[in-house]
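# Observations on the three-dimensional arrangement
Spelled out from the first residue to the last, the chains are:
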Amino acid sequence: MRLPDSARADLLEFVGATPVADAQLSGMIDALAEKLSVDRRSVRLEAN
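This section reports on the structure supplied with the text. The structure displayed is predicted, hence computed values, not measured ones.

Counting secondary structure elements, the protein chain contains two helices and zero strands. Here the protein chain holds 48 residues, and 10% of them are scored as buried. As displayed, the protein chain has an accessible area near 3,800 Å², and 57% of this comes from carbon and sulfur atoms.

Before going further, it helps to examine the nonpolar core. If you look at soluble globular proteins, the nonpolar side chains tend to sit buried side by side. Counting residues in hydrophobic clusters, the biggest one holds five residues: L3, A7, L11, I29 and A33. Those elements giving two or more residues to this core turn out to be helix 1 (5–17) and helix 2 (22–47).

Cut-off values and rules
Residues numbered from 1 in each chain as written. Predicted model: local features only at pLDDT ≥ 70, side-chain atom pairs only at ≥ 80, totals over all residues. Heavy atoms only, no water. Helix = DSSP H or I, 4+ residues; strand = E, 2+ residues; numbered from the N terminus. Buried < 20%, exposed > 50% of the residue type's maximum accessible area, 1.4 Å probe, protein only. Areas by Shrake-Rupley, 256 points an atom, 1.4 Å probe, with all protein chains shown as cover. Core = buried A, V, L, I, M, F, W, Y, C linked by side-chain atoms within 4.5 Å.

What follows is the structure in structure tokens.
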């Protein structure tokens, strides 16, 4: 997964406790990865 360890652990904990279809899980991973990527870009832009 292309997620940071903390986000991956949170996602795996959620998936372990909730029935999730494969396609839905794939979408959740992609959406979370995109959000984290956008957040990281904005932090880098603010730091400069």
